[in-house]
Amino acid sequence: MLINNTTGVPEYAALLILVGSMAGYYVLMTLIILCYRRIRGPKHTALVITTRQRLLIFLNRLQILDRIDEMQTLLSLILCGLYVVETYGITQPWFEPLETVVNILFGADYFLQFYISRNKLEFLYSLMAFVDVVTLFPILVFNLVFSIDNDTSVVLRV
């Protein structure tokens, strides 16, 4: 059994917790969405524009969603560059806060996309949402639960 020297936790324990928390997230979100659909009942074809639809119209009209995608691409490339620099042993005190801020932006984008999606369950199991979850959960598990400095988000985002 391999023990991580910094935390005293077996190395595979963090991976098991990561996979378990991701599976739990998907099960919990699926149940919440299905329960909400059951409580809400069948959709009525009212001619009222919802807040979600208004937000989607606004974001599409100003092409904000396209700009967010471009910004995410640029930030991903910056994080990859910082990851390469860190592999050579060069670290700066602003690397970690920058990575945290960028990952918060990625998380905010995930929740925005989830909110404006028409079919929440379809979005939850889409490839891009899965990629977002796989890149955000290591940050949450390793940094918040174990306080382990891990560059998993940079590698998975690419």
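For the structure, see preceding data.
Residues numbered from 1 in each chain as written. Predicted model: local features only at pLDDT ≥ 70, side-chain atom pairs only at ≥ 80, totals over all residues. Heavy atoms only, no water.

Undergrad: I'm lost on the overall build of the protein in this one. Help?
TA: On a plain count of helices and strands, the protein comes out with 7 helices and 0 strands. Listing the helices and strands of the protein from first to last along the sequence gives α-α-α-α-α-α-α. Counting all 158 residues of the protein, 32% fall into the buried class. Put simply, the protein shows about 10900 Å² of open surface, and 68% of that area lies on carbon and sulfur atoms. (Helix = DSSP H or I, 4+ residues; strand = E, 2+ residues; numbered from the N terminus. Buried < 20%, exposed > 50% of the residue type's maximum accessible area, 1.4 Å probe, protein only. Areas by Shrake-Rupley, 256 points an atom, 1.4 Å probe, with all protein chains shown as cover.)

Undergrad: Would you mind going over the packing of aromatic side chains with me for this structure?
TA: Aromatic ring pairs are defined here through the distance separating the ring centres and the angle between the ring planes. Throughout the structure, instances matching the rule amount to 8 aromatic pairs. Ring centres 5.3 Å apart and planes at 35° place the aromatic pair Tyr26 and Tyr125 in the tilted group. Of this pair, Tyr26 sits in helix α1 (residues 11–40) while Tyr125 sits in the loop between α5 (120–124) and α6 (127–145), and the two are 99 residues apart along the sequence. For Tyr26, a relative accessible area of 11% gives the class buried. Between the NZ or CZ atom of Lys120 and the centre of the ring of Phe114, over which it lies, the distance is 5.8 Å. (Phe/Tyr/Trp six-rings, centres within 6.5 Å; stacked < 30°, edge-to-face > 60°. Lys NZ or Arg CZ within 6 Å of the ring centre and 35° of its normal.)

Undergrad: Would you mind showing me how to read the packing of helix α3 (residues 64–87) against helix α4 (residues 95–116) here?
TA: If you want to describe how two helices pack, look at the angle between their axes and the distance between the axes. At their nearest, the axes of α3 and α4 sit 11 Å apart, and the two run at 150° to each other. Here α3 is positioned roughly antiparallel relative to α4, judged by the angle of their axes. Here α3 runs over α4; the crossing is left-handed. Residues Leu65, Ile68, Gln72, Leu75, Ser76, Ile78, Leu79, Leu82, Val85 and Glu86 of α3 touch α4, and the partners they reach there are Phe95, Leu98, Glu99, Val102, Leu105, Phe106, Asp109, Leu112, Gln113 and Ile116. Of the residues that constitute the contact of α3 with α4, the class distribution is 14 nonpolar, 3 polar and 3 charged. (Axes fitted to C-alpha atoms, helices over the stretch in contact; angles between N-to-C directions. Parallel < 35°, antiparallel > 145°, perpendicular 65-115°, else oblique. Left-handed = near helix turned anticlockwise from the far one by under 90°. Contact = heavy atoms within 4.5 Å. Nonpolar A, V, L, I, M, F, W, Y, C, P; charged D, E, K, R; others polar.)

Undergrad: Can you walk me through the packing of helix α2 (residues 51–61) against α4 in this structure?
TA: Put simply, α2 and α4 touch, their axes get as near as 9 Å, and they point 120° apart. Here α2 lies oblique to α4, going by the angle between them. Residue-level inspection shows Thr51, Arg52, Leu55, Leu56 and Leu59 of α2 in contact with α4, the latter providing Leu112, Tyr115 and Ile116. Of the residues in the contact of α2 with α4, the class split is 6 nonpolar, 1 polar and 1 charged.

Undergrad: Just to check I follow, could you spell out α3 for this structure?
TA: Working note: α-helix, 3.6 residues per turn, so residues spaced by three or four point in the same direction. Between its terminal C-alpha atoms α3 stretches 34 Å, which fits the 34 Å expected from 24 residues at 1.5 Å a residue. Listed as buried for α3 are Leu65, Ile68, Gln72, Leu75, Ser76, Leu79, Cys80 and Leu82. After α3 finishes, the residue Gly89 shows a positive phi value of roughly 85°. (Expected span 1.5 Å × (residues − 1).)

Undergrad: I keep staring at the pattern of salt bridges and nothing clicks. Help me out?
TA: For side chains bearing opposite charge, pairing can occur when the charged atoms are close. Using the criterion set out here, one finds 1 salt bridge in the structure. Its salt-bridge partner being Glu70, residue Arg67 comes within 3.3 Å of it at the nearest N-O pair. One end of the pair, Arg67, and the other, Glu70, are both in helix α3, 3 residues apart, so they sit about a helical turn from each other. (Salt bridge = Lys/Arg side-chain N within 4 Å of Asp/Glu carboxyl O.)

Undergrad: Help me understand a positive patch on the surface in this model?
TA: A cluster of basic residues, Arg37, Arg40, Lys43 and Arg118, forms a positive patch at the surface. Residue class for Arg118 comes out exposed when judged on its relative accessible area of 69%. (Patch = residues over 30% accessible without salt bridge, like charges linked within 9 Å, V, L, I, M, F, W, Y side chains within 5 Å. Lys, Arg positive; Asp, Glu negative; His and termini not counted. Charge placed at Lys NZ, Arg CZ, Asp CG, Glu CD.)

Function-wise, these values are silent; they only describe arrangement.
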